[in-house]
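Architecture and fold: a report
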Amino acid sequence: MATTVIPEDLKYTNEHEWIARTGADTVRLGITDFAQTQLGDVVFVQLPEPGEQVSAGQTIGEVESTKSVSEIYAPVSGTVTAGNPRLADEPELINTDPYGDGWLVEMEPTESTSVDTLLDATGYRRLTEE
């Protein structure tokens, strides 16, 4: 069985999403390698519109695979600034490059420190081993 990739420089949620700082007031999020492995082949992604205000824990979209449909949750509260335009035609990027080209949305968190409260790589590794 392949080892799940868990980059050390990201933050994680219990719902298997990752979040990375992209600037002083911006973040990018996606689903983890563990999550995409569990989902199987991703065939469709529904993302929120730029400008949408979201609350931490709120459902903001869906990832549909050959196995199931999974909800995407906002890891922090804030404003969606962009969705990954490539996923409309290439949803499989989530499988092939979950931490790179397969990112889902970019946001401006309401409170930038809220990112710091999420799981680090060690905490997420423990979660996936349970």
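If you're wondering where the values come from, they're calculated on a predicted model, not measured in any experiment. (Residues numbered from 1 in each chain as written. Predicted model: local features only at pLDDT ≥ 70, side-chain atom pairs only at ≥ 80, totals over all residues. Heavy atoms only, no water.)

1. Notes on the nonpolar core
- Core analysis: the largest hydrophobic core is formed by 23 residues, its most contacted members being I94, L104, V105 and M107.
- Looking at this core, the elements with two or more residues in it are β3 (27-31), α1 (33-39), β4 (42-46), β6 (59-65), α2 (93-96) and β9 (105-109).
- Sorting elements by how many residues they give to this core places β3 first, with 3 residues.
- Ignoring anything within four residues of it in the chain, the contact list for V105 reads V27, R28, L29, L47, P48, I60, V80, A82 and G83.
- I6, W18, A20 and W103 belong to the second largest nonpolar core, which has 9 residues in total. (Core = buried A, V, L, I, M, F, W, Y, C linked by side-chain atoms within 4.5 Å. Buried < 20%, exposed > 50% of the residue type's maximum accessible area, 1.4 Å probe, protein only. Helix = DSSP H or I, 4+ residues; strand = E, 2+ residues; numbered from the N terminus. Contact = heavy atoms within 4.5 Å.)

2. What to know about the sheet that holds strand β1 (residues 11-12)
- Read from one edge to the other, the open sheet built from 6 strands follows the order β1-β2-β3-β9-β8-β5, with strand pairing classed as antiparallel. Each edge of the sheet is formed by a strand with only one pairing partner; in this case those strands are β1 and β5 (53-54).
- Examined bridge by bridge, β5 and strand β8 (residues 78-83) share 2 bridges and lie antiparallel to one another. By the bridge assignment for β8, Q53 is matched with T79. (Pairing = 2+ DSSP bridges.)

3. Things to note about the pattern of salt bridges
- By the definition in use, this model includes 5 salt bridges.
- The closest approach of N and O atoms between R125 and E8, which form a salt bridge, is 2.9 Å. Of this pair, R125 sits in helix α3 (residues 121-129) while E8 is found in the segment before β1, placing the two residues 117 residues apart along the sequence.
- Exposure remark for E8: the relative accessible area of 55% places this residue in the exposed category.
- Residue E90 pairs with R86 through a salt bridge whose shortest N-O separation is 3.2 Å.
- Overall, E90 belongs to the partly exposed group, its relative accessible area being 27%. (Salt bridge = Lys/Arg side-chain N within 4 Å of Asp/Glu carboxyl O.)

4. As for the sheet that holds strand β7 (residues 69-73)
- Taking strand neighbours across the sheet as the criterion, the 3 strands line up as β4-β6-β7 in an open arrangement whose pairing is antiparallel. Because the sheet does not close on itself, it has two edges, and the strands there are β4 and β7. Going across the sheet, the axis of each strand differs from the next one's by a mean of 25°, ignoring polarity.
- Relative to β6, β4 is paired through 4 bridges, and the arrangement is antiparallel. Residue pairing in the sheet places Q46 in a bridge with E62 of β6. (Axes fitted to C-alpha atoms, helices over the stretch in contact; angles between N-to-C directions.)

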